[in-house]
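Read off the chains here:
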Amino acid sequence: MEQYELDALEAVTSRPSPEYSTITVDALTPVIGAEVSGIDLSQELTEEQRADLHAAFLHHHVLVFRDQVITSDEHKRLAGYFGELRPVNPPPPGDPYLLEISTSKGATEVAGNRWHSDGTADAEPSLGSMLYITRIPEAGSGGDTLFANMHLAYEMLSPAMRGFLDSLTAVHDGAHFKVKGYTLPPEYVVPVNEHPLVVRHPETGRKILYVNGVYVSHIPQLSDEESRAVLDLLNGIPSSRPLLHCRVRWTPNTLVFWDNRSAQHHASYDYYPFTRYGQRVAINGGPLKA
Ligand code: SIN
């Protein structure tokens, strides 16, 4: 590795861990993800528990809670501790805040089977998502979700590349990515918005490479060819750098809370033709700035 890459890794791995008074937090990797225990998410949380979870979320970006038996209302209450609930677009038939993440038997495609963050095409992209998986594939394994640390993706670029990217923006288009055989429902209001290509995390100020292959259509400051070439390079980073990753292996009644600014995720569809079921609640964020 180049010295600047090693420096970035060392800076991340030597950060002091927050002190927690109510929970136990075990890192999944030195750069992203942690399992949290000692908390029952079906109960109302105290100020101390909420502060501990918030600190762990900012430090690890992805929090995994095992063996949680919660209702939809408790799921939404939990999300509401961290911000305003985000309505699903297009509105689902039932609860406007609950998105079913459901794979039917023999499905040819599943939601999230590409590197992305949720809702980046919105003017005020999502702060985070909470996915509660209650049924894993009948095979007993598969359907893991991968997460990539997009702070570190930025920090491991060469200084010259970081300087170049810092001045650019990217257009995020909710209809950019086409899934074979799938047409967008007519009631889907397609969001199209421009964000800085490198944004600062609204709470920590740390820079993030904020670009993904599902939503970003182009970089308006560049020619079409230049934009394509730069996006091919940047969109390839999460998949080509396993050191940015953690991998969550789901067990029934696991809830994962991830940061949609600092982490991208990829649901792996390695369990065809089996099924999988969960529900996701997302949280509103604010506008993102360079
Ligand atoms: C998603 O939110 O993209 C779905 C993630 C998953 O099913 O693991």
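Up top you'll find the structure we're talking about.
Here, residues in each chain are numbered from 1, in the same order as that chain's written sequence. It should be noted that, the model being predicted, local features are given only for residues of pLDDT at least 70 and side-chain atom pairs only at 80 or more, the latter also being counted only at that level, while totals for whole chains, interfaces and linings use all residues. Water and hydrogen atoms were dropped before computing side-chain values, which therefore reflect all heavy atoms in the structure.

Student: Tell me about empty space enclosed by the protein, and please be specific about residues and values.
Tutor: One simple way to see leftover space: roll a probe sized like a water molecule over the atoms. Using a grid of 1 Å spacing that covers the protein atoms alone, one calls a set of points a cavity when a 1.4 Å probe fits there but cannot get out, and a pocket when the set is open and has protein on both sides within 12 Å along at least five of seven lines; lining residues are those with an atom within 4 Å of a point. Grid points are joined across faces, edges and corners, and a volume is the space filled by probe spheres set on the points. Within this structure, the stated rule accounts for one cavity of 30 Å³ or more. Within this model, the largest cavity holds a volume of roughly 40 Å³. Forming the boundary of the largest cavity are Ser117, Thr120, Met150, His172, Leu209, Tyr210, Val211, Asn212, Arg261 and Gln264. Ten residue types, Ala, Val, Leu, Ile, Met, Phe, Trp, Tyr, Cys and Pro, are classed as nonpolar, four, Asp, Glu, Lys and Arg, as charged, and the remainder, Gly among them, as polar. Residue composition of the lining of the largest cavity, grouped by class: four nonpolar, five polar and one charged.

Student: Got a sec to walk through the site of the ligand? Specific residues and values, please.
Tutor: Nearness of a residue to a molecule or strand requires only that one of the residue's heavy atoms be within 4 Å of it. Surrounding the ligand, one finds Ile101, Gly112, His116, Asp118, Leu131, Thr145, Trp258, His265, Ala267, Arg276 and Arg280. Here His116 contributes a side-chain N or O atom positioned 3.0 Å from an oxygen atom of the ligand. A distance of 2.7 Å is found between an oxygen atom of the ligand and a side-chain nitrogen or oxygen belonging to Arg280. For the ligand, whose unbound accessible area comes to 260 Å², protein coverage reaches 98%. Across the shell around the ligand, the residue classes break down as four nonpolar, four polar and three charged. Within 3.5 Å is the distance limit for a polar contact, defined as a pair of N or O atoms, with the added protein rule that one can donate a hydrogen and the other accept it, and that residues adjacent in sequence qualify only through two side-chain atoms. All accessible-area figures derive from a Shrake-Rupley calculation using a 1.4 Å probe, and residue coverage is judged against the displayed protein chains alone.

That's the geometry; what it means functionally is another story.
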